[in-house]
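Residue-level structural notes
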Amino acid sequence: MHLHKTSSRLDRIGVTASTLCAIHCAVVPVFITSLPLLGMSFLARPWVEWGMILFALMIGVYSIGGSYFKVHRNLLPLILLVIGFGIIMLGHSLLHTNTERYVVPAGGLLIALAHVVNQRFVGACSHES
């Protein structure tokens, strides 16, 4: 039961972090000229983006990886997590055009979906036992 609560809490944090990351990646390029006027120019700094990516990665690996090995043994959340991070890395590394604005948020939303799917698998397994 304790693992279920911890995993569920981490998945909720993961969904929030990944969704905020996706929103950040979609909105910052549009409002980049307004950020200094609002006192939020730090949001356009690379360390903020990489910090969000690292935070989402740590939560995803711990939550989804732990749930996979200890609870449900279903690969789907792990696959979604890996593909989501792959899309983000592809977007940040190879795409430096307007396309990046669409690709990177899609990766963040895919990571959020991985957490939602993981929550459902953990919930289904805890109801079965």
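Above this text sits the structure in question.
In this report, the structure presented in the accompanying data block is examined.

Thresholds, definitions, all that
- Residues numbered from 1 in each chain as written.
- Predicted model: local features only at pLDDT ≥ 70, side-chain atom pairs only at ≥ 80, totals over all residues.
- Heavy atoms only, no water.
- Helix = DSSP H or I, 4+ residues; strand = E, 2+ residues; numbered from the N terminus.
- Buried < 20%, exposed > 50% of the residue type's maximum accessible area, 1.4 Å probe, protein only.
- Contact = heavy atoms within 4.5 Å.
- Areas by Shrake-Rupley, 256 points an atom, 1.4 Å probe, with all protein chains shown as cover.
- Core = buried A, V, L, I, M, F, W, Y, C linked by side-chain atoms within 4.5 Å.
- Polar contact = N/O pair within 3.5 Å; in protein donor to acceptor, adjacent residues only side chain to side chain.
- Expected span 1.5 Å × (residues − 1).
- Arc of directions from axis to C-beta.
- Phe/Tyr/Trp six-rings, centres within 6.5 Å; stacked < 30°, edge-to-face > 60°.
- Lys NZ or Arg CZ within 6 Å of the ring centre and 35° of its normal.

**Some points on the overall build of the chain**
What the chain contains, in helices and strands, is four helices and zero strands. Ordered by position from the N terminus, the helices and strands of the chain form the series α-α-α-α. Per-residue burial for the chain yields a buried fraction of 39% across its 129 residues. Of all intrachain contacts in the chain linking residues separated by at least 6 positions in sequence, the fraction that spans at least 24 positions is 73%. Working note: accessible area of the chain is about 7600 Å², and carbon and sulfur atoms make up 71% of it.

**A word on the nonpolar core**
In this structure, L80, L81, F85, I88, I111 and A114 are the most contacted members of the largest nonpolar core, which totals 14 residues. Of all the elements in the fold, those that place two or more residues in this core are α1 (2–31), α2 (46–72), α3 (76–94) and α4 (100–128). With five residues, α4 is the single largest residue contributor to this core. Residue contacts for A114: discarding those within four places in its chain leaves I64, P77, L80 and L81.

**Section: the environment of G91**
Checked against the element boundaries, G91 lands in helix α3. A residue is classified by how much of its surface remains accessible, and G91, at 0% relative accessible area, is buried. The sequence separation of G91 and R101 amounts to 10 residues, and the corresponding C-alpha distance is 8.3 Å. The contacts of G91, once residues within four sequence positions are left out, are E100, V103 and V104.

**As for the side chain of S63**
If you trace the backbone, S63 turns up in helix α2. Classification of S63 as buried rests on a relative accessible area of 3%. In this structure the side chain of S63 is engaged in a polar contact, spanning 2.7 Å, whose partner is the side chain of D11.

**A word on α3**
In this model α3 runs 26 Å from its N-terminal to its C-terminal C-alpha over 19 residues, within 8% of the 27 Å that 1.5 Å per residue would give. Within α3, the full set of buried residues consists of P77, L80, L81, G84, F85, I88, G91 and H92. With its buried residues spanning 125° around the axis, α3 presents them on a single face. Facing away from the buried side of α3, by more than 90 degrees, are the exposed residues V82 and L94.

**Focus on the packing of aromatic side chains**
Per the counting criterion, the structure on display carries one aromatic pair. With a centroid separation of 5.0 Å and an interplanar angle of 80°, the aromatic rings of Y68 and F69 are classed as edge-to-face. Using a relative accessible area of 55% as the deciding quantity, one classes F69 as exposed. If you follow R73 out to its NZ or CZ, it ends over the ring of Y68, 5.6 Å from the centre.

**With respect to unusual backbone geometry**
Residue R73 is not a glycine yet carries a positive backbone phi of 55°. Turning to its location among the elements, R73 is positioned in the loop between α2 and α3. Using a relative accessible area of 52% as the deciding quantity, one classes R73 as exposed.

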